[in-house]
Amino acid sequence: MYTSSTELLVMTSRSARSKDLNARLDLEGLKTAVSRAIGICCVDLKIKAEGGFNRVYFLQCYGGAEYVVRVAFDRFEYRGMHKMESEVFLESVNLAVPLIVIEVATIAWLAQTTDVPVPTILYHSPTDQNEAHAPFMVMEKVRDMTLDKRWQTMSLAEKHVAVKSLARIIVSLAQTRFDSIGSIYPSSSSSSGVVIGPMLPPSLPWFFTRDISLNSGPWCTERDYLLACIARERAWAVAHQSELEAKWKDEDIASLGWDSILSGYLAAYDRLARVVCSLPGIDARLPHLFGPFVLVHPDLNNRNIMISAADPSQLTILDWECSRTAPLWALTTIPEFLSKDQDAEDPSCPDLRQAFLAECELRFPDPALWRSQRARAGLMVLLESVFSIAGTPVDRKNCPKCNVGNMTTAETCEACGHALTILVPKNTRDGGSGGGGNTGTSGGGVVTP
């Protein structure tokens, strides 16, 4: 849940984004700006790829030198899904400037203080006040291939080398230390050169957050962090009641025990907030709940990992614009390309997944802590499933036990009868608002996957 870019949906179509960028981007001006920045005359510029937040160009200079230029889109439109891919709520947000600032600051900090392999940034312009009329950055070209393009041709032994190398990178990130949860920004007044500031929508986990005017952190505790995510969604539902009612106008709300769509959404958010407050140790000073926190790359898929053709242990991690600091458990999840969803396509995936997990546990200084944080990450995934069940009238999730039957608002699997048990504290089970109630482990907080 926390490492997948599917938490984010950039809704402006690729053609619309391209049209907007083409209308304002001066390619000759971009070549001029880059030439001045790196001191070499640029002779050719070719589009390599487009992502959710930027367009990538390969730049060729006199003498054969090649560089990578990433030009940021200046606006993104998000939709809130609530687990329905057809539901569209568009909000336009200007994010290009801070995203470039965050990525540059994060990569610079990693290069200076860790052994995490990152690309080298030669220059960046965080605003459109330049010859290109768009924010951009220039990086050294990594002369490797992305892991997704090499994966199918790699031997099993090479794959084992690569996943163990990735595990060591994860452990290096797990040993970073920050005193709050948010995004990294540059700071001339800090001894480390960075400061933790607000977490922008592309970096926010769990839900499809829409309004950047609401609480974006930074947060000093895991509890505040999770409750803020819920509160943001709750506030959005209140502000967009008419859209919610229009979307679900054909649903039989009475059969769900709801007075209205909005009341159902608010009940789900409040219920989830009470469950968060009942999590074991949520208010205890346990490791990594009150800090120190660690740096997390939330989109560590094989398209963002470069691998050397000569040595599969040599990796480079790309695309840090959505990075954030978070509790340790956010780092212990399985990378998307090693998840159980890939087992059918890659028979070696279960073995590679176990090798990755074993290497993480072996390399981390406190294996018992690592195991406990992995369990907590699993709990967060379970909570998201509960939100889906309680918060969306027509959502149906696969049973976590048999993975076949659907679980509906009754929270009981239609195939095997498994009940998904989540109990809020006794003193808040029959009412109250999000964030209240018992904050210890007694009187509730029982979770049975």
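Further up the page is the structure itself.
Given the structure is predicted, the values throughout are model-derived calculations rather than measurements.

A. Representation of the sheet that holds strand β7 (residues 136-140). One open sheet accounts for five strands, arranged β1-β2-β3-β7-β6; its pairing is antiparallel. Since the sheet does not close on itself, it has two edges, and those belong to β1 (42-50) and β6 (121-125), each with one partner. The sheet shows a mean angle of 20° between the axes of neighbouring strands, direction not considered. Running over the sheet, helix α2 (residues 27-38) touches β1, β2 (54-61), β3 (66-72), β6 and β7 and is turned about 110° from β1.

B. Layout of the pattern of salt bridges. Summed over all chains, the structure comprises 15 salt bridges. Between aspartate 44 and lysine 46 there is a salt bridge whose closest N-O contact spans 3.9 Å. The closest approach of N and O atoms between glutamate 222 and arginine 376, which form a salt bridge, is 3.2 Å. Of the two residues, glutamate 222 sits in helix α6 (residues 222-239) while arginine 376 sits in helix α10 (residues 367-391), which places them 154 residues apart along the sequence. The burial state of glutamate 222 is the same as that of arginine 376; both residues are buried. By sharing partners, the salt bridges in this structure join Arg70, Glu103, Asp319 and Glu321 into a single network.

C. Highlighting the sheet that holds strand β12 (residues 305-307). Pairing is antiparallel in the open sheet, where three strands are placed in the order β8-β12-β13. Each having just a single partner strand, β8 (145-146) and β13 (315-317) make up the two edges of the open sheet. Two strands pair when backbone bridges link them, and β8 and β12 are joined in this way by two bridges, in the antiparallel orientation. Note that in β12 the partner of threonine 146 across the bridge is methionine 306. Of the strands in this sheet, β12 and β13 touch helix α5 (residues 156-174), which is tilted by about 45° from β13.

About the thresholds
Residues numbered from 1 in each chain as written. Predicted model: local features only at pLDDT ≥ 70, side-chain atom pairs only at ≥ 80, totals over all residues. Heavy atoms only, no water. Pairing = 2+ DSSP bridges. Helix = DSSP H or I, 4+ residues; strand = E, 2+ residues; numbered from the N terminus. Axes fitted to C-alpha atoms, helices over the stretch in contact; angles between N-to-C directions. Contact = heavy atoms within 4.5 Å. Salt bridge = Lys/Arg side-chain N within 4 Å of Asp/Glu carboxyl O. Buried < 20%, exposed > 50% of the residue type's maximum accessible area, 1.4 Å probe, protein only.

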